Amino acid sequence: MNRTWKKAIGITAVAVMGLTGLAACGNSGSDNSEGRVYFLNFKPEAADQWKALAEKYTKEKGVKVEVQTAASGTYEQTLKSEMAKSNAPTIFQVNGPVGLATWKDYTADMSDTEMYKQLKNQDIALKDDSKVVGIPYVMETYGIIYNKDIVDKYTKLPDAKVKSAEEIDSYDKLKAVADDMQKHAKELGIEGAFTSAGFDSSSDWRFKTHLANIPLYYEFKADNITEQPETIKGTYLKNFKNIFDMYITDSTTDRTALSSKTGDDANSEFALGKAAFYQNGTWAWSDLQKAGMNADQLGMLPIYAGVDDATEGLATGSENYLCINAKASEADQKASKDFLNWVITSDTGIKALSEDMGFTTPFKTFDKVTSENPLVTAAVEDSNSGKTQVTWNFTMMPSEEWKNQLGQAMLAYAQGTGDWDAVEKAFVDNWKTEYDASH
Amino acid sequence: MISMAGKAIRKWWALFVLPTFVAFIIGFIVPFVYGVYLSFCKFTTVTDAKFVGFSNYAKAIKDPVFLHSLLFSTLLTIVTTIIINVIAFAVAYMLTKAIKGSNVFRSVFFLPNLIGGIILGYIWLLLLNGVLAHWSKSLTFDAKYGFWGLVILVCWQQIGYMMIIYIAGMQSLPTDVLEAASVDGANSRQTMFRVIIPLMMPSITVCSFLTVTNGFKLYDQNLALTAGNPMKMSEGLALNITNTFYARTGFEGVGQAKAVLFFILVAVVALLQNKLTTSKEVAA
């Protein structure tokens, strides 16, 4: 082989190496005119079901649909890095008005979509002035889930405070029952009235977000507040403390061990009958079912705050708003809208959402669907009973940071390394701080 | 003497350097420069940024949590650098003596280093929580627990690696100097401090450089072990930066500014440390 050959081969080899390296950085997305759908899903409990549904859509329509799910508690983080890529998500979720503020520039008008048209109540859609930008696709309800078997067993005790679960209709009753159950834990075969109030990130949202919604709800109701206020007063923090105290004293777990308890811990304690009460929502059913519980074992109580217990219902709302990425190409946006339309109108889509994922949706197309989820049944019964549904005001909480600081203060209070004043501060003073930081 | 290969390399070096150089530019220089630029911007995703000047830096310096994490990282670095280097040196010294099965011991000490930080973090989380469960506590109960937990983890992981470097250094110690020392009647302590340690300074430079920078850059282990809980009191610098960038809306630029400050800090500390230890190096 002569020298020129060697040189030529050398140069080609180097060029090929360089080019393949560069090609990997380039746009590897398909350029077909059909468009591309990439949905970044917020709900880890429905990750597999979404993937399956996307595959069915691809089989039926030939359009490629990619579904990625962010790990619990990392949605904003994942979305931020995904959005910066050339293959950005075409469908993404925001959690309400506060989440929308971050992603406003990325939201497309959805008023022409079937999803918007099929909403039973179009007022619940998320709007940026008059532009429809987010459609809630799951309505969820949370409260205190209870194990009917254990409560029945308790009511049969000679000195039981109530004779049936229906009699638990106020904070005082609930507290009396929980305290008494804790006392009779051995006879009932439980370890505590409530599951562990874990502050691992897989569980702390139950308190820093969902439980904290209760005092916010009553305050906003009393002051007629409907939009995110600049400051709050913390009028009902006393009630908040009462409930939280009950969670951590009548519990399966020592308060000093709460910091590392996970959502799975609470779930399995409840499913294995070690606790009678479990604050969580309709979405918990699939996990409880997997852990071996039956539908007829479960009921749900409102989180009685001791303010207006007679009319307090379960907490119902949505923090799952679907948005279309306005910065995606026209074809991609169109493909995404088509996919979403199919999801809520086709039989396959309806079945997947209602049965496989167990969601309650706000769409007319789902009217004929009945749910197997006993928690959804409880929620429907509750809303038909004439009680006032507690709304989801936590979507107005000023930032994730606010929630995190509240959660950490609650944990410090629970394990005895901090005091309640710090919680009040994190709740009231920090609201203003975080509001200012984002406005 | 210049061989054929040497000639070819002189003529063609640029071509052979090119692939790595391109990779270095794409993977390091560009992101770095872009990162510095972003630290002066307000942005949500890195692709659309608006220039805002030094306000991000002002916010970063005023953040008490950032300052606390600086303190936390500094303490952690000091403690781990001392413990790791002392123990690694001692273990290396032991294993260069004729001990039966010293190869097996070397492998055993080195193995933890092959496990990724996240996995190590979770393993130690389980272990330490299991122990603390006796007192109904857990690792995130108090920042002190998290701190010492991290110290244990980091030492366990890095001692083996530093040990290998020290062993290599010890094996190349000139034996004539050691013999001369013993002939002259130096006792074992004098041999250690007057002969071995001065001759080992190059290895000590390398190891202390690695442990100092690793201490500041610690991320995976921090994330897996405590994730900064409780109250962000066990949050190191690297973790604080990611949390600022990702977890707070509107604080992306501040996170970026912190990252630039972090880079300057680590660079300065590493250079100082390098200067300090190299100045102690001697020739045999």
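Treat the numbers as computed from the prediction; the structure is a model and nothing was measured. (Residues numbered from 1 in each chain as written. Chains lettered and ligands numbered in written order. Predicted model: local features only at pLDDT ≥ 70, side-chain atom pairs only at ≥ 80, totals over all residues.)

(A) Spatial organisation of the overall build of chain B. Each helix and strand counted, chain B has eleven helices and two strands in total. Going residue by residue from the N terminus, the α and β elements of chain B occur as α-β-β-α-α-α-α-α-α-α-α-α-α. A principal-axis box enclosing the C-alpha atoms of chain B has dimensions of 70 × 70 × 30 Å. Each of the 284 residues in chain B was classed as buried or not, and the buried ones make up 31%. Taking as baseline every contact in chain B between residues at least 6 positions apart, the subset at least 24 positions apart corresponds to 75%. (Helix = DSSP H or I, 4+ residues; strand = E, 2+ residues; numbered from the N terminus. Buried ≥ 20, exposed ≤ 12 C-beta atoms within 10 Å, placed from the backbone. Contact = placed C-beta atoms within 7 Å.)

(B) Quick look at the overall build of chain A. A tally of regular secondary structure across chain A gives 17 helices and twelve strands. Principal-axis analysis of the C-alpha atoms gives chain A an extent of 100 × 50 × 45 Å. Burial analysis of chain A (439 residues in total) assigns 48% to the buried set. Within chain A, residue pairs in contact and separated by at least 24 positions form 76% of the contacts whose partners lie at least 6 positions apart.

(C) The arrangement of helix α11 (residues 263–271) of chain A in detail. All names here are of chain A. Of all the residues in α11, the buried ones are G263, A266, N267, E269, F270 and A271. Buried-residue contacts for α11 involve β6 (140–147), β8 (275–281) and α12 (285–290). The first or second residue beyond α11 is G273, which carries a positive phi of 75°.

(D) Quick look at the interface of chain A and chain B. Opposite the 26 residues of chain A that make contact, chain B presents 27 residues. Elements represented by at least two residues in the side of chain A that touches chain B include exactly α1 (3–25), α3 (75–83), α16 (400–415) and α17 (420–438) of chain A. In terms of residues, the side of chain A that touches chain B owes the most to one element, α16 of chain A, which gives six residues. Of the residues contributing to the side of chain A that touches chain B, the split by class is nine nonpolar, twelve polar and five charged. (Nonpolar A, V, L, I, M, F, W, Y, C, P; charged D, E, K, R; others polar.)

(E) Quick look at the domain arrangement of chain A. Residue and element names in this part refer to chain A. Looking at chain A, the domain boundaries give domain 1 (37–139 + 318–366) and domain 2 (141–317 + 379–438). Look at where the C-alpha atoms of domain 1 and domain 2 centre, and you get two points 29 Å apart. Domain 1 puts 14 residues into the contact, and the matching count from domain 2 is 18 residues. Per-element accounting of the side of domain 1 that touches domain 2 gives the leading share, three residues, to helix α4 (residues 97–103). Grouping the amino acids of the side of domain 1 that touches domain 2 by side-chain chemistry returns four nonpolar, seven polar and three charged. (Domains from an automatic or database assignment.)

(F) Spotlight on the UniProt feature "transmembrane region" (unreviewed entry) in chain B. Residues and elements named next belong to chain B. UniProt records the feature "transmembrane region" (unreviewed entry) for residues 12–34, 70–96, 108–127, 147–170, 191–212 and 253–272 in the present numbering. Along residues 70–96, the helical share is 100% and the strand share 0%, with 38 Å between the first and last C-alpha atoms. End C-alpha atoms of residues 108–127 are separated by 19 Å, and the span's content is 70% helix alongside 0% strand. (UniProt positions renumbered as here; feature names shortened; annotations may be inferred.)

(G) Seen up close, the domain arrangement of chain B. Per the domain assignment, the segments making up chain B are domain 1 (4–38) and domain 2 (56–278). On a C-alpha basis, the centres of domain 1 of chain B and domain 2 of chain B stand 31 Å from each other.

(H) Spotlight on unusual backbone geometry. Phi angles above zero are rare outside glycine, and N224 of chain A is one such case at about 55°. Topologically, N224 of chain A is positioned in the loop between α9 (205–222) and α10 (237–249). The class for N224 of chain A is exposed, based on 6 C-beta atoms found within 10 Å. Positive phi values are uncommon outside glycine, yet S136 of chain B reaches one of about 55°. Mapped onto the elements of the fold, S136 of chain B is located in the loop between α5 (117–132) and α6 (143–171). When the 14 C-beta atoms within 10 Å are taken as the criterion, S136 of chain B is described as partly exposed.

(I) A look at the pairing of strand β10 (residues 312–317) of chain A. All names here are of chain A. Burial of β10 is extensive: five of the six residues sit out of reach of the surface. Of the strand pairs in this sheet, β6 and β10 are connected by three bridges, and their pairing is antiparallel. Looking at the pairing, E140 lines up with G317 of β10. (Pairing = 2+ DSSP bridges.)

(J) View of helix α10 (residues 237–247) of chain B. When you tally the buried positions in α10 of chain B, you get eight out of eleven residues, the bulk of the element. Buried residues of α10 of chain B: L237, A238, L239, N240, I241, N243, T244 and F245 of chain B, and no others.

(K) Here's a closer look at the environment of I303 of chain A. Residues and elements named next belong to chain A. Counting through the fold element by element, I303 comes out in the loop between β9 (298–301) and β10. Put simply, I303 and L314 are eleven residues apart on the chain and 7.2 Å apart in space, counted from C-alpha to C-alpha. Apart from the residues lying within four places of it in its own chain, the contact partners of I303 are G143, I144, L211, I214, I243, Q279 and A315.

(L) Looking closely at the packing of helix α4 (residues 102–110) of chain B against α6 of chain B. Residue and element names in this part refer to chain B. Closest axis-to-axis distance for the α4/α6 pair is 7 Å, and the angle between their directions is 135°. Relative to α6, α4 is oriented oblique. In this structure, α4 uses R106, F109 and F110 to contact α6, whose residues at the interface are I159, G160, Y161, M163, I164 and I167. Classifying every residue of the contact of α4 with α6 by side-chain character gives seven nonpolar, one polar and one charged. (Axes fitted to C-alpha atoms, helices over the stretch in contact; angles between N-to-C directions. Parallel < 35°, antiparallel > 145°, perpendicular 65-115°, else oblique.)

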